[in-house]
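One letter stands for each residue in the lines below.
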Amino acid sequence: MENITEVLQLFLATENFVAIAVGVVIGVTVGSIPGLTATMAVALALPFTFSMEPVAAILLLVGIYKGGMYGGSITAILIRTPGSPASACTLLDGYPMAQQGEAKKALKMALYASVIADFISNIALIFFAAYLAKIALNFGAPEFFWLICFSLTIIISLASGSMIKGLIAALLGILLSLVGLDSVFGSQRLTFGNYNLMDSISFIPLLIGLFAIPEIIEFYRKKVIPHLRAKASGAGVSFSELKGSLKSIVRGSLIGVIIGAIPGTGATAAAFISYSDAKRRSPHPERFGKGEVEGVAASEAGNNGVAGATLIPLLSLGIPGDVITAIILGAFMVHGLTPGPLLFQENLPLIYALFLGIMLSSVILLFVGNAAIRYFSLIADIPKSILFPIVLMFCVYGAYAVNNDTFDVWLMLAFGVLGYVFNRTGIPAAPFLIGFILGPMFEDNLRRSLLIGSNDLSIFVRGPITWFFIALTLGSILLALYRFITSRQKAKQSASEPGAGA
Amino acid sequence: MTKFHSTGGTLIKDPWDVVAGVMLLGFSLLLLFYLVPNYIGQPPIMQNPMMSPRWLPNIVGWLLLVFSVLMIIQGVLIADDAEDNGRRFERGPLLRFALMALSLIVYAGLFEMLGAVISGILATLILFIAHPVRTWWVYGLAIVFPAGVTLLFTGIMNVPLPMWPF
Amino acid sequence: MKKILNALCTATCGGAVALSLSVSTAQAQDWPTDDVRLVVPYAPGGTTDVLSRRVADLLQEELDTNVVVENRPGAGSTVATGRLARGGRDIDHTILMASPGHTIGAAIYPGLTYDPVEDFVFIQNMIDIPNVMVVPADSPYNSVLEFVEAAKEQNMTFSHSGVGSSIHMSGELFKTLTETNMTAVPFAGSGAALPALLGGDVDVSFENMPTVFSHIQSGDLRALAVTSAERSEFLPDVPTLKEIGEYNLDQFVTTAWFGLIAHHSFPEEATAAMQKALQEVMEREEFTSFVEQLGAEKGTIAGDEFKAFITDEVARWDEVATEAGIRQE
């Protein structure tokens, strides 16, 4: 009883509410600008938290984190420029929707999916933190290795059209991800002695280059077409559409929670896994990538599901799963608190006050997001001839901002050209991205397992978690083969009956 | 691949695929026999070949080789109409495209020299002319936006963009 | 954003305090005449970044000017350091938060364009964080000697946060000094390395104190030794490696240090002004409590002493890197 009043005392301070609201607003705004990531905003906000009360300080940062996770999807949908890496998957369906005049629907769905996923993620944090933290601890290198293998199989389902081209894209992605210093020996790999490449290729210039730039190149390559004033504001999400996507949202959130609880995988991977899962289960997978609202829902649920769950290893083990949680860890320390097993014993009221604040942040995200959509969706009405030069400017400034170096501007333009070539040859960009994200994780965990097990291969089948993911991987491959064969047969049948197929 | 094709006349069904396949084939050979041996260092002692920094690049190289061959074969045999629709479009005048390329060069080449504001204004103006934009007040945006956004980045977000040519 | 945050800060938690503090130190000075840039050679989020932001926040009150933190990550801090060495605009108002990456980087990165000692002015070492030799709670080894003897018989694995980190190099140094069989297992940062240690996948680690302190307290990890010259006041019962002495361990003294450096043309009066201001910063209660939270010690050396320390460190890591075969030619 005494605890409850203490929790409420800590929580019911105006400062907390202001901190959350300001945090979410900053997060959504900064997250939506390409190149400016929530990570940068959190780092910048950190000094301001030094003089605040601990609860408000952490909530401000968490607010930015959650807002940024959603904010990235706004520009991804409207101008095919992921505001943050995790929203790269959202643009696969979000941008086609915007082009078809359904920008508002996509934005709203992204918001609702984000908020629902956020909520589920928070629940997991509050009620299952101890349990999930235990799973995270049992997740060693071999378990990780199989999780990555399973994640790699999603390339198969992401490769719309030609399977061969999808696999080529993934291989190129893996190859580029290996540029840099070798993680075991520290030797150089394909850096050609260039210092800028030693920390491997920066993700954000790659992302902006791959998606935003080709769109701009193509626009100026094409014959001038008169601007169609599509009613971009359009309709929102109907209740039945939300209901239709709800299963995908919940599944995506759970995928996000599990990925988030395991330090080091990240929201981008979660979004893609969730997306491909939704695509696989959908009765009409061929619509994915062409403006399927469920695709937007699934990927946003995946990346926002991570946002609450990354706080699980942070609070219960003191382990930051990504850069933002590392900064939040710093904020805890500045206030004389050390996240970890002892925090729950010594500062339980504070933890619960934080939990209440985090729950509140999801609600605030709903309102802030709705307001943001109202103004942002106007972007879709701007003629491309005016919009694209400004987008390009943001892209260049944003790429520079990553490392404060012109090299990344060059890199972004190079990836822009590559992305354009991909478009022309029909090589899909999504598997390339997956390869780029998962390639190093695959190699690192393979080698880590070999080092830990002293080259004994039995470490790869050492426990139930490995067996589970091996089964999933095999199942996923077999399912893809089965689908491939049946679709072939169908194609043959329709081909042999003239008229039926056309 | 829902349609049935009977384009028996041409020898190669999808020339784009063949060209891309050949280029990828060349790249994978370059990777396997020149880049990997020359640009990836290998420690002298290695207990397990899988530990080598060259292991994954080599595997990727060989797979790329196999798939590029498959892509060439596919390009020769099958025309993929479903995808083609998105790939073909009516080309605009060359000048328009050249001006766009010029603006990219302005950003990449002159960003550090001229500073963010001037290169931003220059590139945006070039792009407006390229389209061409005929509403005069829009050209004002070409000055307002680069200046405003540069201030946003440097003043508020602490990103040290190169401001002016000095 | 700064403005919004400032307003929030002022409105809710008495930003007026900060304002009143900054007024007191304002006086006629030759330096600084402009905003001071504090370059962080790593991405946001690490210890270096958080420390730098804490220091910058306090420093701007002491110097009565803006101290702007700027992240320039790349190649284990050598990109930012190389840039600093090249000089350029505002070089007399640019400082850099150096860390073991400065000396280790000089040892392992090929073709550095600068001299890690002569090209810089060494202003002040801010903090020293000891590394702790930790084993999982269910490890059979209860002392360093037990561990070394076992490691002579069988191969041991140690986790580290990335090639060239002070954690990695401490492990390599231990291996070299004790002539034992140890395999380095790399992870992407301390956060990723910790679960492997807690879960018992690796045998030992030489982690930074702040990362493992709460786990030592909770009993999930067992501290065998600290790597600093003196025992840490936070783990008074844990011996130093130097104390243990056997197997050449008396030579094992290393800490993760964080100190401010500048270009060699940095004006002398600026160095003096910085040192004076930093002394004030280091005496501030906020700084003290931050240092305690990290389980660290305040840095004591500045100027020439600091420079001599760097010279020794560069030579030492050079040797270890060559021995361990992680040196790039």
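Residues numbered from 1 in each chain as written. Chains lettered and ligands numbered in written order. Predicted model: local features only at pLDDT ≥ 70, side-chain atom pairs only at ≥ 80, totals over all residues. Heavy atoms only, no water.

## Examining the overall build of chain C
Here comes step 1: Scanning chain C from terminus to terminus reveals 13 helices and ten strands.
Here comes step 2: Per element, the accessible surface of chain C, about 12200 Å² overall, is 47% carbon and sulfur. (Helix = DSSP H or I, 4+ residues; strand = E, 2+ residues; numbered from the N terminus. Areas by Shrake-Rupley, 256 points an atom, 1.4 Å probe, with all protein chains shown as cover.)

## Topic: the interface of chain B and chain A
Here comes step 1: Taken together, the contact pairs 73 residues of chain B with 67 residues of chain A.
Here comes step 2: When chain B packs against chain A, the two sides together hide about 6500 Å² of surface, and 76% of this comes from carbon and sulfur.
Here comes step 3: Where chain B touches chain A, the interface holds one salt bridge.
Here comes step 4: Between B:Asp17 and A:Lys165 there is a salt bridge, and its shortest N-O distance comes to 2.8 Å.
Here comes step 5: Applying the counting rule to chain B against chain A returns twelve residue pairs in polar contact (both at pLDDT 80 or more).
Here comes step 6: Looking at the side of chain B that touches chain A, the elements with two or more residues in it are α1 (15-39), α2 (55-77), α3 (81-87), α4 (94-130) and α5 (138-156) of chain B.
Here comes step 7: It is α4(B) that provides the largest number of residues to the side of chain B that touches chain A, a total of 17 residues.
Here comes step 8: Among the residues making up the side of chain B that touches chain A, the classes are represented as 50 nonpolar, 16 polar and seven charged. (Contact = heavy atoms within 4.5 Å. Buried area = accessible area lost by both parts, 1.4 Å probe. Salt bridge = Lys/Arg side-chain N within 4 Å of Asp/Glu carboxyl O. Polar contact = N/O pair within 3.5 Å; in protein donor to acceptor, adjacent residues only side chain to side chain. Nonpolar A, V, L, I, M, F, W, Y, C, P; charged D, E, K, R; others polar.)

## Thoughts on the domain arrangement of chain C
Size of an interface, as often reported, equals the accessible area lost when the parts are brought together.
Residue and element names in this part refer to chain C.
Here comes step 1: Along its sequence, chain C is carved into domain 1 (34-128 + 255-324) and domain 2 (131-251).
Here comes step 2: Spacing between the C-alpha centres of domain 1 and domain 2 amounts to 26 Å.
Here comes step 3: Counting residues at the interface gives 16 residues for domain 1 and 17 residues for domain 2.
Here comes step 4: Carbon and sulfur atoms make up 70% of the surface buried where domain 1 meets domain 2, a total of about 1300 Å² over both sides.
Here comes step 5: For the interface between domain 1 and domain 2, the tally reads zero salt bridges.
Here comes step 6: Along the contact surface separating domain 1 from domain 2 lie zero residue pairs in polar contact (both at pLDDT 80 or more).
Here comes step 7: Contributing elements (two or more residues each) for the side of domain 1 that touches domain 2: α5 (100-108), β9 (255-263) and α13 (303-324).
Here comes step 8: Examining the composition of the side of domain 1 that touches domain 2, we find that six residues originate from one element, α13, more than from any other.
Here comes step 9: Class assignment for the residues of the side of domain 1 that touches domain 2 results in ten nonpolar, two polar and four charged. (Domains from an automatic or database assignment.)

## Section: the interface of chain C and chain A
Here comes step 1: Between chain C and chain A, the contact holds 57 residues from the first and 56 residues from the second.
Here comes step 2: In total, chain C and chain A occlude about 4700 Å² of area from one another, counting both sides; carbon and sulfur atoms represent 67% of this.
Here comes step 3: Joining chain C to chain A, the criterion identifies two salt bridges.
Here comes step 4: A salt bridge links A:Asp405 to C:Arg83; its shortest N-O distance comes to 2.9 Å.
Here comes step 5: Applying the counting rule to chain C against chain A returns six residue pairs in polar contact (both at pLDDT 80 or more).
Here comes step 6: When contributions to the side of chain C that touches chain A are tallied by element, the ones reaching two or more residues are α1 (2-13), α3 (47-63), β2 (67-71), α4 (78-86), β6 (182-186), α8 (190-198), α9 (209-217) and α12 (285-293) of chain C.
Here comes step 7: Element by element, the count of residues in the side of chain C that touches chain A is highest for α1(C), at eight residues.
Here comes step 8: Looking at the side of chain C that touches chain A residue by residue, the class counts come to 28 nonpolar, 19 polar and ten charged.

## Topic: the packing of helix α11 (residues 268-283) of chain C against α12(C)
Residue and element names in this part refer to chain C.
Here comes step 1: Two numbers describe how α11 lies on α12: the axes approach to 5 Å, and their chain directions differ by 65 degrees. In this view, α11 runs roughly perpendicular relative to α12, as classed from their interaxial angle. Contacts between α11 and α12 involve Val281, Met282 and Glu283 from the former and Glu285, Phe287 and Thr288 from the latter. (Axes fitted to C-alpha atoms, helices over the stretch in contact; angles between N-to-C directions. Parallel < 35°, antiparallel > 145°, perpendicular 65-115°, else oblique.)

## A look at the side chain of C:Thr157
Here comes step 1: Looking at the secondary structure, you find C:Thr157 in strand β5 (residues 156-160).
Here comes step 2: Under the relative-accessibility criterion, C:Thr157 is labelled buried at 4%. (Buried < 20%, exposed > 50% of the residue type's maximum accessible area, 1.4 Å probe, protein only.)

## So, the packing of α1(B) against α2(B)
Each pair of packed helices gets described by two things: the angle between the helix axes and the distance between those axes.
Residues and elements named next belong to chain B.
Here comes step 1: Where α1 contacts α2, the axes come no closer than 8 Å and their chain directions differ by 160 degrees. In terms of orientation, α1 lies roughly antiparallel with respect to α2. Crossing geometry of α1 relative to α2 is assigned as left-handed.
Here comes step 2: The class makeup of the residues in the contact of α1 with α2 is 19 nonpolar, seven polar and one charged. (Left-handed = near helix turned anticlockwise from the far one by under 90°.)

## Overview of α13(C)
Working note: α-helix, 3.6 residues per turn, so residues spaced by three or four point in the same direction.
Residues and elements named next belong to chain C.
Here comes step 1: Across its 22 residues, α13 extends 31 Å between first and last C-alpha, which sits within 8% of the 32 Å expected from 1.5 Å per residue.
Here comes step 2: Those residues of α13 lying buried are Gly303, Phe306, Ile310, Glu313, Val314, Arg316, Trp317, Val320 and Ala321.
Here comes step 3: Just past α13, the residue Gly325 takes up positive phi, approximately 75 degrees. (Expected span 1.5 Å × (residues − 1).)

## Considering the domain arrangement of chain B
Here comes step 1: What the domain assignment lists for chain B is domain 1 (15-87) and domain 2 (94-156).
Here comes step 2: Taking the mean C-alpha position of each, domain 1 of chain B and domain 2 of chain B sit 38 Å from one another.

## Brief notes about the nonpolar core
Here comes step 1: Ranked by size, the top nonpolar core spans 284 residues in total, and within it A:Ile328, B:Phe153, C:Ile95, C:Met274 and C:Phe287 carry the most contacts.
Here comes step 2: A per-element tally of this core places helix α4 (residues 54-79) of chain A first, with 17 residues.
Here comes step 3: When residues no more than four places from it in sequence are discounted, the contact partners of C:Phe287 are C:Leu51, C:Val55, C:Leu58, C:Met126, C:Ile127, C:Val281, C:Met282 and C:Lys298.
Here comes step 4: Of all hydrophobic cores here, the second largest spans 34 residues; its members include C:Ala75, C:Phe147, C:Trp317 and C:Val320. (Core = buried A, V, L, I, M, F, W, Y, C linked by side-chain atoms within 4.5 Å.)

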